[in-house]
Amino acid sequence: MATEAAGDRPLVVAVENLQKSYRSGFWLRTVLTPLQSVSLEVRQGETFGLLGPNGAGKTTFLKILLGLVKPSGGQGTLLGHPLGDRAVRQRIGYLPENPYFYDYLTAWEFLEFTAGLFGLSTATCKERIPLLLEMVGLNLKDARKKQMRRYSKGMVQRVAWRKP
Ligand SMILES: Nc1ncnc2c1ncn2[C@@H]1O[C@H](COP(=O)(O)OP(=O)(O)O)[C@@H](O)[C@H]1O
Ligand SMILES: [Mg+2]
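Residues numbered from 1 in each chain as written. Chains lettered and ligands numbered in written order. Predicted model: local features only at pLDDT ≥ 70, side-chain atom pairs only at ≥ 80, totals over all residues. Heavy atoms only, no water.

Remarks on the pattern of salt bridges
Alright, step 1. Within this structure, the stated rule accounts for two salt bridges.
Alright, step 2. Salt-bridge contacts for arginine 43 lead to glutamate 41; the nearest nitrogen and oxygen are separated by 3.5 Å.
Alright, step 3. Under the relative-accessibility criterion, arginine 43 is labelled buried at 17%.
Alright, step 4. By relative accessible area, which is 47% here, glutamate 41 ends up partly exposed. (Salt bridge = Lys/Arg side-chain N within 4 Å of Asp/Glu carboxyl O. Buried < 20%, exposed > 50% of the residue type's maximum accessible area, 1.4 Å probe, protein only.)

Following this line, the structure appears as C-alpha coordinates:
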(Lines give C-alpha, C1' and ligand atoms only; values in the text may rest on other atoms or scores of the structure.)
(Ligands and ions follow the chains in the order given, each with its own letter.)
Protein backbone atom coordinates (compact mmCIF):
# COMPACT_ATOMS: atom_id res chain seq x y z
CA MET A 1 0.00 0.00 0.00
CA ALA A 2 1.37 3.39 -0.95
CA THR A 3 1.68 5.73 1.98
CA GLU A 4 1.22 9.40 1.51
CA ALA A 5 4.52 11.23 1.74
CA ALA A 6 4.55 13.76 4.58
CA GLY A 7 5.49 16.49 2.10
CA ASP A 8 2.16 16.00 0.26
CA ARG A 9 0.04 16.91 3.25
CA PRO A 10 -1.25 20.47 3.59
CA LEU A 11 0.80 22.94 5.57
CA VAL A 12 -0.62 23.91 8.92
CA VAL A 13 2.20 26.21 10.01
CA ALA A 14 4.80 27.72 7.71
CA VAL A 15 7.09 30.48 8.92
CA GLU A 16 10.17 32.00 7.41
CA ASN A 17 12.84 34.07 9.15
CA LEU A 18 10.46 35.03 11.91
CA GLN A 19 12.01 37.54 14.23
CA LYS A 20 10.91 39.29 17.40
CA SER A 21 12.66 41.95 19.42
CA TYR A 22 11.40 43.67 22.52
CA ARG A 23 12.64 46.97 23.90
CA SER A 24 12.72 47.11 27.63
CA GLY A 25 14.09 49.10 30.53
CA PHE A 26 13.12 52.63 31.61
CA TRP A 27 14.50 54.30 28.45
CA LEU A 28 13.57 51.32 26.26
CA ARG A 29 17.26 51.08 25.38
CA THR A 30 17.65 47.40 26.13
CA VAL A 31 16.80 45.33 23.10
CA LEU A 32 15.96 41.71 23.65
CA THR A 33 15.65 39.36 20.70
CA PRO A 34 13.99 36.13 21.82
CA LEU A 35 13.39 35.07 18.21
CA GLN A 36 16.30 35.63 15.87
CA SER A 37 15.27 33.80 12.73
CA VAL A 38 12.76 31.00 12.98
CA SER A 39 11.88 29.03 9.87
CA LEU A 40 9.82 25.87 10.11
CA GLU A 41 6.98 23.94 8.59
CA VAL A 42 4.34 21.77 10.28
CA ARG A 43 2.06 19.66 8.13
CA GLN A 44 -1.37 18.20 8.81
CA GLY A 45 -1.23 15.12 11.04
CA GLU A 46 2.10 15.98 12.63
CA THR A 47 2.60 16.45 16.35
CA PHE A 48 5.11 19.19 16.82
CA GLY A 49 6.67 20.23 20.12
CA LEU A 50 8.67 23.31 20.96
CA LEU A 51 11.33 22.65 23.56
CA GLY A 52 13.60 25.22 25.13
CA PRO A 53 14.67 26.72 28.43
CA ASN A 54 12.65 29.46 30.13
CA GLY A 55 12.83 32.68 28.17
CA ALA A 56 13.85 30.95 24.93
CA GLY A 57 10.90 32.45 23.06
CA LYS A 58 8.40 29.57 22.87
CA THR A 59 5.43 31.61 24.11
CA THR A 60 6.45 34.56 21.95
CA PHE A 61 6.45 32.26 18.93
CA LEU A 62 3.00 30.89 19.74
CA LYS A 63 1.63 34.38 20.34
CA ILE A 64 2.90 35.44 16.93
CA LEU A 65 1.22 32.43 15.32
CA LEU A 66 -2.04 33.34 17.06
CA GLY A 67 -1.75 36.97 16.01
CA LEU A 68 -1.52 38.20 19.61
CA VAL A 69 1.98 39.60 19.10
CA LYS A 70 3.29 41.19 15.91
CA PRO A 71 6.60 39.87 14.58
CA SER A 72 9.43 42.37 14.08
CA GLY A 73 10.41 40.59 10.90
CA GLY A 74 9.73 37.61 8.72
CA GLN A 75 6.48 36.12 7.60
CA GLY A 76 4.34 33.05 7.72
CA THR A 77 1.00 31.38 7.32
CA LEU A 78 -1.31 29.48 9.64
CA LEU A 79 -3.75 27.12 7.89
CA GLY A 80 -2.95 28.99 4.70
CA HIS A 81 -3.81 32.42 6.10
CA PRO A 82 -1.25 35.14 6.72
CA LEU A 83 -0.20 35.44 10.39
CA GLY A 84 -2.54 37.71 12.30
CA ASP A 85 -5.60 36.93 10.13
CA ARG A 86 -8.49 36.84 12.58
CA ALA A 87 -10.58 34.48 10.45
CA VAL A 88 -8.25 31.60 11.21
CA ARG A 89 -8.93 31.82 14.96
CA GLN A 90 -12.25 30.05 14.53
CA ARG A 91 -10.36 26.96 13.42
CA ILE A 92 -7.67 26.68 16.03
CA GLY A 93 -7.57 25.56 19.62
CA TYR A 94 -5.22 26.83 22.29
CA LEU A 95 -5.04 25.38 25.77
CA PRO A 96 -2.84 27.48 28.06
CA GLU A 97 -1.36 25.94 31.17
CA ASN A 98 -3.35 28.33 33.33
CA PRO A 99 -6.56 29.38 31.61
CA TYR A 100 -8.20 32.43 33.18
CA PHE A 101 -11.96 32.34 33.40
CA TYR A 102 -14.60 34.21 35.32
CA ASP A 103 -14.19 32.76 38.79
CA TYR A 104 -17.77 33.36 39.85
CA LEU A 105 -19.41 31.69 36.85
CA THR A 106 -20.15 28.01 36.64
CA ALA A 107 -18.79 26.12 33.63
CA TRP A 108 -22.32 26.00 32.26
CA GLU A 109 -22.74 29.78 32.54
CA PHE A 110 -19.34 30.34 30.97
CA LEU A 111 -20.11 28.05 28.03
CA GLU A 112 -23.48 29.74 27.59
CA PHE A 113 -21.81 33.14 27.61
CA THR A 114 -19.21 32.02 25.06
CA ALA A 115 -21.85 30.44 22.85
CA GLY A 116 -23.74 33.75 22.94
CA LEU A 117 -20.65 35.56 21.62
CA PHE A 118 -20.72 33.18 18.68
CA GLY A 119 -24.42 33.85 18.11
CA LEU A 120 -25.68 30.40 19.14
CA SER A 121 -29.26 30.22 20.39
CA THR A 122 -30.30 29.17 23.90
CA ALA A 123 -31.89 26.04 22.45
CA THR A 124 -28.63 25.08 20.75
CA CYS A 125 -26.75 25.67 24.01
CA LYS A 126 -29.09 23.37 25.94
CA GLU A 127 -28.40 20.66 23.44
CA ARG A 128 -24.67 21.14 22.93
CA ILE A 129 -23.29 22.01 26.35
CA PRO A 130 -24.02 18.56 27.85
CA LEU A 131 -22.35 16.95 24.81
CA LEU A 132 -19.25 19.09 25.26
CA LEU A 133 -19.13 18.38 28.99
CA GLU A 134 -19.33 14.68 28.28
CA MET A 135 -16.62 14.95 25.65
CA VAL A 136 -14.16 16.43 28.16
CA GLY A 137 -15.34 14.31 31.09
CA LEU A 138 -16.72 17.12 33.23
CA ASN A 139 -19.50 16.18 35.60
CA LEU A 140 -22.83 17.82 34.66
CA LYS A 141 -23.72 18.60 38.27
CA ASP A 142 -20.40 20.39 38.91
CA ALA A 143 -20.77 22.27 35.65
CA ARG A 144 -24.24 23.50 36.62
CA LYS A 145 -23.81 24.17 40.32
CA LYS A 146 -20.14 24.88 41.10
CA GLN A 147 -18.43 28.20 40.45
CA MET A 148 -15.18 27.76 38.56
CA ARG A 149 -13.15 29.17 41.46
CA ARG A 150 -13.96 25.89 43.23
CA TYR A 151 -12.68 23.73 40.37
CA SER A 152 -9.38 21.91 40.41
CA LYS A 153 -6.75 22.88 37.85
CA GLY A 154 -7.61 19.83 35.76
CA MET A 155 -11.30 20.72 35.76
CA VAL A 156 -10.55 24.27 34.62
CA GLN A 157 -8.39 22.88 31.84
CA ARG A 158 -11.25 20.66 30.74
CA VAL A 159 -13.45 23.74 30.43
CA ALA A 160 -10.73 25.35 28.30
CA TRP A 161 -10.29 22.43 25.95
CA ARG A 162 -11.45 23.01 22.40
CA LYS A 163 -12.16 20.34 19.86
CA PRO A 164 -9.52 20.66 17.11
N1 LIG B 1 5.96 41.88 26.23
C2 LIG B 1 7.26 41.70 26.45
N3 LIG B 1 8.10 42.76 26.62
C4 LIG B 1 9.41 42.57 26.83
N5 LIG B 1 10.03 41.38 26.87
C6 LIG B 1 9.26 40.29 26.70
C7 LIG B 1 7.83 40.38 26.50
N8 LIG B 1 7.33 39.12 26.36
C9 LIG B 1 8.39 38.30 26.49
N10 LIG B 1 9.53 38.99 26.69
C11 LIG B 1 10.87 38.42 26.85
O12 LIG B 1 11.16 37.60 25.74
C13 LIG B 1 11.88 36.44 26.14
C14 LIG B 1 11.13 35.20 25.67
O15 LIG B 1 9.98 35.04 26.48
P16 LIG B 1 8.95 33.84 26.25
O17 LIG B 1 8.57 33.80 24.82
O18 LIG B 1 7.85 34.06 27.24
O19 LIG B 1 9.84 32.56 26.61
P20 LIG B 1 9.41 31.04 26.91
O21 LIG B 1 7.94 30.90 26.67
O22 LIG B 1 10.26 30.21 25.97
O23 LIG B 1 9.79 30.78 28.33
C24 LIG B 1 12.04 36.53 27.65
O25 LIG B 1 13.33 37.05 27.93
C26 LIG B 1 10.96 37.50 28.06
O27 LIG B 1 11.33 38.22 29.22
MG1 LIG C 1 6.37 30.27 27.92
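Now that the structure has been shown, we can carry on.
Quick look at helix H3 (residues 122-136)
Alright, step 1. Compared with the 21 Å implied by 1.5 Å per residue over 15 residues, the 21 Å span of H3 between its first and last C-alpha is a close match.
Alright, step 2. Most pronounced at arginine 128, the bend in H3 amounts to some 30°, and the proline proline 130 follows within four residues.
Alright, step 3. The complete set of buried residues in H3 reads Cys125, Ile129, Leu133 and Val136.
Alright, step 4. Buried-residue contacts for H3 involve helix H2 (107-117), helix H4 (140-145) and helix H5 (153-160).
Alright, step 5. In the segment just after H3, glycine 137 is the residue with positive phi, at about 75°. (Helix = DSSP H or I, 4+ residues; strand = E, 2+ residues; numbered from the N terminus. Expected span 1.5 Å × (residues − 1). Bend = angle between axes of the 7 residues up to and from the residue. Contact = heavy atoms within 4.5 Å.)

Examining the domain arrangement of the chain
Alright, step 1. As assigned here, the chain comprises domain 1 (6-91) and domain 2 (107-160).
Alright, step 2. Centre-to-centre separation of domain 1 and domain 2, based on C-alpha positions: 31 Å. (Domains from an automatic or database assignment.)

Here's the deal with the nonpolar core
Alright, step 1. Among the nonpolar cores identified, the biggest contains 16 residues, and Ala107, Ile129, Leu133, Leu138, Tyr151 and Val159 are the most heavily contacted of them.
Alright, step 2. Put simply, the parts of the chain that give this core at least two residues each are H2, H3 and H5.
Alright, step 3. Considering each element in turn, this core owes the most residues, five residues, to H2.
Alright, step 4. The residues touching alanine 107, leaving out its near neighbours within four places in the chain, are Leu138, Ala143, Lys146, Met148, Tyr151 and Val159.
Alright, step 5. Counting 14 residues, the second largest nonpolar core, distinct from the first, contains Val13, Val15, Leu35 and Val42. (Core = buried A, V, L, I, M, F, W, Y, C linked by side-chain atoms within 4.5 Å.)

Digging into the site of ligand 1
Alright, step 1. Around ligand 1, the neighbouring residues are Tyr22, Leu32, Pro34, Pro53, Asn54, Gly55, Ala56, Gly57, Lys58, Thr59 and Thr60.
Alright, step 2. Glycine 55 has a polar backbone atom sitting 2.7 Å from an oxygen atom of ligand 1.
Alright, step 3. Here an oxygen atom of ligand 1 and a backbone polar atom of alanine 56 are 3.2 Å apart.
Alright, step 4. When ligand 1 is considered free in solution it has 570 Å² of accessible area, and contact with the protein chains removes 62% of it.
Alright, step 5. Within the residue set of the shell around ligand 1, elements represented by two or more residues are strand S2 (30-43) and helix H1 (58-66).
Alright, step 6. No other element matches H1, which puts three residues into the shell around ligand 1. (Near = heavy atom within 4 Å. Polar contact = N/O pair within 3.5 Å; in protein donor to acceptor, adjacent residues only side chain to side chain. Areas by Shrake-Rupley, 256 points an atom, 1.4 Å probe, with all protein chains shown as cover.)

Thoughts on the sheet that holds strand S4 (residues 81-82)
In a beta sheet, neighbouring strands pair by backbone hydrogen bonds and run either parallel or antiparallel.
Alright, step 1. Read from one edge of the open sheet, four strands run S2-S1-S3-S4, paired in antiparallel fashion. Looking at the sheet topology across the chains shown, the edges are occupied by S2 and S4.
Alright, step 2. As paired elements, strand S1 (residues 11-24) and S2 share nine bridges and run antiparallel to each other. Its bridge partner being in S2, serine 24 is matched across the sheet by threonine 30.
Alright, step 3. Lying on the sheet, H1 is in contact with S1, S2 and strand S3 (73-78); it crosses S1 at an angle near 120°. (Pairing = 2+ DSSP bridges. Axes fitted to C-alpha atoms, helices over the stretch in contact; angles between N-to-C directions.)

Points about H1
Alright, step 1. Along H1, the residues that are buried comprise Thr60, Phe61, Ile64, Leu65 and Leu66.
Alright, step 2. Next to the buried residues of H1 lie S1, S2 and S3.
Alright, step 3. Just downstream of H1, glycine 67 is the residue with a positive phi angle, here 80°.

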